[in-house]
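Spelled out from the first residue to the last, the chains are:
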Amino acid sequence: MPGFFGFSWMPGWRLPRRVAALAALLLAQAMAMAQESPASPAGEPSPVEHPAASPAAVVPGPFKAGRGVLGEGQVLVDSAGTLTFEQVRSKFDAGEGRAVQPSDIMPTGGGAALWYRLALPAVAVPTPLMLTVPHPNMDSVDLYRPASGGLWQLERSGDAVPVARWPVRHLTPAFELLLQPGETRPSYLRVAHNYPLSVPWELSDPDSFHEQSKESHLLLGVYIGLVLLIAMMSTLHAASWRDSIHLFFAGYVLVVATGQLALTGLAGEFLWPGNAWWNDCAPVAMTLATAALLHLFLRQMVVDRDAPWLSRGLLLMTVLGAGILTAFLVMGNKSSFNLATPYYLGSMAVYLSVAGWYVWRRPMVGLWVLAAMVCLTVGSVFPILRTQGMLPLGTATQYGAQIGAAFEILLLVVALYLRSREKRDNQARVGALTRVDPLTGLGNHRVLLQRLDALLVRQRRDPGAGAVMRVRLGNAIDIRQNYGMEAAQSAVVQAGACVAGVASDGDTVARHRDGDFLLILQGHLTRDELTQIAQRLIARGLADSPSLPPGTMMQFRIAVAEAPFNAPDAEQLLHAMGNVLRELSGRSGTGLRFINAAAG
């Protein structure tokens, strides 16, 4: 299986297979690039005629039935990949093989091949076993088994053969064995791949193999469901929040998931089982697409940050990745290998740099994006260090890239949520500025006119509906002169609260452009009811308020228009009520007057 920067994500398999399946669930994006070799011709399992040889001196080890034990035997490296089966057997008989160390990184790639002479357990009765190489996306895995008449049976698996024609259609190369009592000739395994990796083949009993296979497929099925859920929710968010970045994220997650399914072998088993070429290319191709899409996704994050140079740079990286992907598919990986590796290294630097810049511009969202990019980068480092022999085999070196990618996706989900919330809040504030008075938080003059016009239209059908009170803070100038502008503004805010306090559900409280307050009342109200509302409002203004200087009282002047208004429009009604308030301001002790809009 290709790994990021051309290295293997899974150099060894000492942990239980269940852990490997769970690691695949971690919504992985395996950033893969490798120098893929052309697929060799496919072939069916067939007997291969070779002369029988003397029994190999391989001491069979004890075998305990179960979910899998690491196989034993000897390994021989064919550096040129040209040795025939007979030549390899002769070299093993001559003692040129060495003991298998499952955790060793073997020098595959560049045309080299590995030959294993398998030390299978001795059995007293015919015993069925399963031999697996738990490493997806291997180029070629050939098994040579003794056949009757001194012949050898060849079974082929790996990306050189369509998955539909594998001996066992499975996530990874697997073979069914039937060990016979007294079996003297060893079996041989030939492995070819395009980059160094460890090859820890395993033996298990058929029941355990099939049980573990069902569990792995179940977990991968759950993974597919989670990915589809994330993609579906992102699509719905794009529609409901009118934010296209969620569509980019949905596409990015789907490509990551497809690449992960290709890397785990599930895609080859079910999505394209008859296409060996695409099964071989898909892990690298999907990983290149993932890297390019991540640049495009980050561009959508920063496109509204007034940095056109950064937006153009990320778009250029996306186009460059698409070009390398095209070269890989058309000309083969040998032609694009020298370009892809620097592209990946540069991409990692770009991801971290853009995320750091984004933290400076939008700290709350940027920190989550930066954390996601750090997880992706750090997770990719461990497998690279392992393949270079700088770290021992362990959980971090085996599954670091998958775990890092899983955290990357989760952190990006949080970042997108915070980004969308900030955007919605900003849009709500901008929208509120067009409808809300900034000082009091009540409806502004525009809202006032809309509601009055609506009430006038209603009165044409129901003449007795509604009433309007225009309220003025009569001593606003005195408060400002005596206590300053801050106290005057507090008095205006408190006056708005008093007017809102006497309103009922469905009523409208708004502020006129000259500073007066309007209370638009719904329903059918008598003069007595309107008088009681006005008196309560006056009493609220005379009460002490902690937001005002001690002993300060607000003196309200109120003009009340009863239904029907008999006014042609809202402006005429407001003008008539304003005239009444100017008259009241010149009289002491009078705070309330009913008006006739037409007469006014």
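Structure report, in brief. (Residues numbered from 1 in each chain as written. Predicted model: local features only at pLDDT ≥ 70, side-chain atom pairs only at ≥ 80, totals over all residues. Heavy atoms only, no water.)

## Brief notes about the pairing of strand S13 (residues 508-511)
For clarity, the cut-off: Relative accessibility thresholds used throughout: buried, under 20% of the residue-type maximum; exposed, over 50%; partly exposed, between the two (1.4 Å probe, protein chains only). The way it works is that DSSP assigns letters per residue, a run of H or I at least four long becomes a helix, a run of E at least two long becomes a strand, and they are numbered from the N terminus. Being paired, for any two strands, means DSSP has found at least two bridges between them.
Neither face of S13 is open: one carries Thr508 and Ala510, the other Val509 and Arg511, and all of them are buried. Sheet topology places S13 next to strand S14 (residues 517-521); four bridges connect them, and they run antiparallel. Within S14, the position partnered with threonine 508 by the bridge is isoleucine 520. In this antiparallel pair of consecutive strands, S13 and S14, the connection spans five residues, and glycine 515 shows a positive phi of 110°.

## Thoughts on the nonpolar core
As a reminder of what qualifies: Among the buried residues, those of types Ala, Val, Leu, Ile, Met, Phe, Trp, Tyr and Cys that are joined through side-chain atoms within 4.5 Å form a nonpolar core. Throughout, a residue-residue contact means that at least one pair of heavy atoms, one from each residue, lies within 4.5 Å.
Grouped together as the largest cluster of nonpolar side chains are 57 residues, with contacts concentrated most on Phe297 and Met301. Mapped onto this core, the elements with two or more residues apiece are helix H3 (206-240), helix H4 (245-264), helix H5 (266-270), helix H6 (276-302), helix H7 (308-331), helix H8 (333-361), helix H9 (363-387) and helix H10 (395-433). The element best represented in this core is H6, accounting for 14 residues. Other than its neighbours up to four places away in sequence, methionine 301 contacts Ile245, Tyr358, Val365, Val369, Leu416 and Arg419. By size, the runner-up hydrophobic cluster in this structure holds 27 residues, among which are Leu473, Ile479, Ala495 and Val499.

## Side note on the sheet that holds strand S6 (residues 127-132)
To keep things clear, this is the line we draw: The convention used is that axes are lines fitted to C-alpha atoms, helices contributing only their stretch in contact, and that angles between N-to-C directions extend from 0 to 180 degrees.
A sheet is described by the order of its strands in space; here four strands give the open sequence S2-S11-S6-S9, paired in antiparallel fashion. Every other strand in the sheet has two partners, leaving strand S2 (69-70) and strand S9 (174-179) as the edge strands with one partner each. With two bridges connecting them, S2 and strand S11 (residues 202-204) associate as antiparallel partners. Its bridge partner lying in S11, valine 69 is registered against leucine 203. Most of the contacts of H3 go to S6, to which it runs at about 40°, and overall it touches S6, S9 and S11.

## Considerations on the sheet that holds S14
One open sheet accounts for five strands, arranged S13-S14-S12-S15-S16; its pairing is mixed. The outermost strands of the open sheet, each flanked by one partner alone, are S13 and strand S16 (592-595). Strand-to-strand twist of the sheet, defined as the mean angle between neighbouring strand axes without regard to direction, takes the value 20°. Relative to S14, strand S12 (residues 467-473) is paired through five bridges, and the arrangement is antiparallel. Within the sheet, the bridge partner assigned to methionine 469 lies in S14 and is leucine 519. Against the sheet, helix H11 (residues 445-461) touches S12, S13 and S14, its axis set at about 30° to S14.

## What about a nonpolar patch on the surface?
Rules: What goes into a patch is any residue over 30% in relative accessible area without a salt bridge, connected to like charges within 9 Å or, for nonpolar side chains (Val, Leu, Ile, Met, Phe, Trp, Tyr), within 5 Å. Per-residue and other accessible areas follow the Shrake-Rupley method at a 1.4 Å probe size, with only the shown protein chains counted as cover for residues. Think of a salt bridge as a Lys or Arg side-chain nitrogen and an Asp or Glu carboxyl oxygen that are within 4 Å of each other.
Nonpolar side chains collect at one region of the surface, where Leu218, Val222, Leu226, Leu229, Met232, Met233 and Leu236 lie side by side and expose about 640 Å² of accessible area between them. Relative to the assigned elements, leucine 218 resides in helix H3.

## Digging into the packing of H3 against H4
How we decide: By the definition adopted for this analysis, an angle is roughly parallel if under 35 degrees, roughly antiparallel if over 145, roughly perpendicular if from 65 to 115, and oblique otherwise. A clockwise turn of the near helix away from the far one marks a right-handed crossing, whereas an anticlockwise turn of less than a right angle marks a left-handed crossing. Just so you know the grouping, Ala, Val, Leu, Ile, Met, Phe, Trp, Tyr, Cys and Pro go in nonpolar, Asp, Glu, Lys and Arg go in charged, and all remaining residues, Gly too, go in polar.
Between H3 and H4, whose axes approach to 7 Å, the crossing angle comes to 165°. Here H3 is positioned roughly antiparallel relative to H4, judged by the angle of their axes. Between H3 and H4 the crossing geometry is left-handed. Residues Leu220, Tyr223, Ile224, Val227, Leu228, Ile230, Ala231, Ser234, Thr235, His237 and Ala238 of H3 pack against His246, Leu247, Phe249, Ala250, Val253, Leu254, Val256, Ala257, Gln260, Leu261 and Thr264 of H4. Here the contact of H3 with H4 is composed, by residue class, of 16 nonpolar, six polar and no charged.

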